[in-house]
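Each chain, written out:
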Amino acid sequence: MDKKILKLLYRSFDEELNKKENRQLEAAMKQSEELRLERDRILAQRQALAESPKSSFKPFFAERVMSQIESLGEKKNGLETFYETLLVMFRRFALAGAAILIILLLYNLRTGDALSTDEIFYASDVAIEEIIDLPLF
Amino acid sequence: MFQPSKLAAVDGEEKLNEQELVRAAKNGDKNAFKELIKKYEHQVAAIVIGMLGNCPEAEDVGQESFIRLYQSLDKFRGEASVGTYLTRIAINLSLNELKRRQRKRGRFFFRADEVMENIPDKNNRKQRKELKDIVHIGIQKLDPKYRTVVVLRLIDGYSMSETAQILKLPVGTVLSRLARAQMKLKEILTPLYWDKNDTRGEGNG
């Protein structure tokens, strides 16, 4: 079968051929039984596809989708809750640290006459060499 | 031989209702979104089942299509209809599923012997399946890019321009893929159906 004519046949189903192409195709159809058979088979295939039974999902599909969406929302809130919990815990530690510092300051103010960093951290009698020698390093 | 546009005359009132549903869903109205699901359920089913066959994964992909729509509602500007937007999502997710299958099995489509298992004894007239039963098996053997145009154009009934718009391809490309797809489908169906049901009346059956 002439490939060019075959291509015309396939194109004719979905686009408008010009007059020359239509004439060529019609002439070829008159002469070739094989081409007419090819056209009939393509038509039958297209019809079978167009007449396909309407596809559908199982019943209550919409409900299942909404249920998935709800559970996605819950997961998101869980993640947000985790971050919020972390922030709250950090704030508590920070507040506790600040409270201890204030207590130390007040204690030093009460026991000493002046409020200085030396008095707070007992740093006046400590030399740098002694700090370096600490087991921290 | 032309088919009219599937969306040629979208009812103005229907479009307004759709816009209202989308607006309400964007504002958090879950019932509005549920109405959208019911409205487009069959359209999405036709696409994913056409692409993937009637299998459990088709429903998963269908669900995921609507979930993706829900998650992207804020970005939806209404330039395309909800139906077109959903169709694109469903097509892309179906293609992803086909790629996943390929990675898993090393092929996009069934082997010939798998297909033959689904075909009844060719000598048994009573069991002979009609073309419409076999043609869907044949579609599953098409390469995804051909399968997509066949599903949209020949099963779902979108026009050529709509199909091109959904796939973001030139109309010429869609035309050539469709022609090629029909040729391939005919080749696939020849041993499965045409050889047994010769329309010239010289069939084996």
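One can find the structure itself at the top, above this paragraph.
Since this is a predicted model, take the numbers as computed values, not measurements.

Thresholds applied
Residues numbered from 1 in each chain as written. Chains lettered and ligands numbered in written order. Predicted model: local features only at pLDDT ≥ 70, side-chain atom pairs only at ≥ 80, totals over all residues. Heavy atoms only, no water. Helix = DSSP H or I, 4+ residues; strand = E, 2+ residues; numbered from the N terminus. Contact = heavy atoms within 4.5 Å. Areas by Shrake-Rupley, 256 points an atom, 1.4 Å probe, with all protein chains shown as cover. Salt bridge = Lys/Arg side-chain N within 4 Å of Asp/Glu carboxyl O. Buried < 20%, exposed > 50% of the residue type's maximum accessible area, 1.4 Å probe, protein only. Axes fitted to C-alpha atoms, helices over the stretch in contact; angles between N-to-C directions. Parallel < 35°, antiparallel > 145°, perpendicular 65-115°, else oblique. Left-handed = near helix turned anticlockwise from the far one by under 90°. Nonpolar A, V, L, I, M, F, W, Y, C, P; charged D, E, K, R; others polar. Phe/Tyr/Trp six-rings, centres within 6.5 Å; stacked < 30°, edge-to-face > 60°.

Asks: Even after reading the chapter, I still don't get the overall build of chain B, so can you show me in this structure?
Replies: Helix and strand counts for chain B stand at nine helices and zero strands. Taking contacts inside chain B between residues at least 6 apart in sequence as the whole, the part at least 24 apart equals 66%. Total accessible area on chain B stands at roughly 10,700 Å², and carbon and sulfur atoms take up 46% of it.

Asks: Looking at this model, I keep getting lost on the pattern of salt bridges. Mind explaining?
Replies: Between side chains of opposite charge, a pair can form as their charged atoms come close. Tallied over the full model, the rule gives 12 salt bridges over all chains. Here E15 of chain A makes a salt bridge to R11 of chain A, at a shortest N to O gap of 3.0 Å. For E15 of chain A, a relative accessible area of 22% gives the class partly exposed. Here D14 of chain A makes a salt bridge to R153 of chain B, at a shortest N to O gap of 3.0 Å. Of this pair, D14 of chain A sits in the loop between α1 (3–12) and α2 (19–31) while R153 of chain B sits in helix α7 (residues 144–155), placing the two residues on different chains. Taken as a pair, D14 of chain A and R153 of chain B share a single burial class, namely buried.

Asks: Quick question: what am I supposed to make of the packing of α1 of chain A against helix α3 (residues 33–50) of chain A here?
Replies: Residues and elements named next belong to chain A. Where α1 meets α3, the axes come as close as 11 Å, and the angle between the chain directions of the two elements is 30°. Considering the angle they form, α1 stands roughly parallel to α3. α3 is crossed by α1, and the crossing has right-handed handedness. Residues I5, L6, L9 and Y10 of α1 pack against L35, E38, R39 and I42 of α3. Within the contact of α1 with α3, the residues separate by chemical class into six nonpolar, no polar and two charged.

Asks: Just to check I follow, could you spell out the side chain of E59 of chain B for this structure?
Replies: Among the structural elements, E59 of chain B can be located in helix α3 (residues 56–71). Not counting residues within four places of it along the chain, the set of residues in contact with E59 of chain B comprises F57, K58, F61 and R64 of chain A.

Asks: Can you walk me through the packing of aromatic side chains in this structure?
Replies: Between two aromatic rings, the relevant description is the distance of the centres plus the angle of the planes. In total, this model carries four aromatic pairs over all chains according to the counting rule given. Relative to Y85 of chain B, the ring of F76 of chain B has its centre 5.0 Å away and its plane inclined at 50°; by these criteria the two rings are tilted. By relative accessible area, F76 of chain B is classed as buried at 8%. Accessibility expressed as a relative area gives 22% for Y85 of chain B, which makes it partly exposed. The rings of F57 and F61 of chain A together with F66 of chain B are connected pair by pair, giving a single aromatic cluster.

Asks: Looking at this structure, how should I read the packing of α3 of chain A against helix α9 (residues 171–194) of chain B?
Replies: If you want to describe how two helices pack, look at the angle between their axes and the distance between the axes. At a minimum axis distance of 11 Å, the contact between α3 of chain A and α9 of chain B shows a crossing angle of 90°. Comparing their axes, α9 of chain B and α3 of chain A come out roughly perpendicular. The residues of α9 of chain B that touch α3 of chain A, namely those facing E38, R41, I42, A44, Q45, R46 and L49 of chain A, are Q182, L185, K186, L189, T190 and W194 of chain B.

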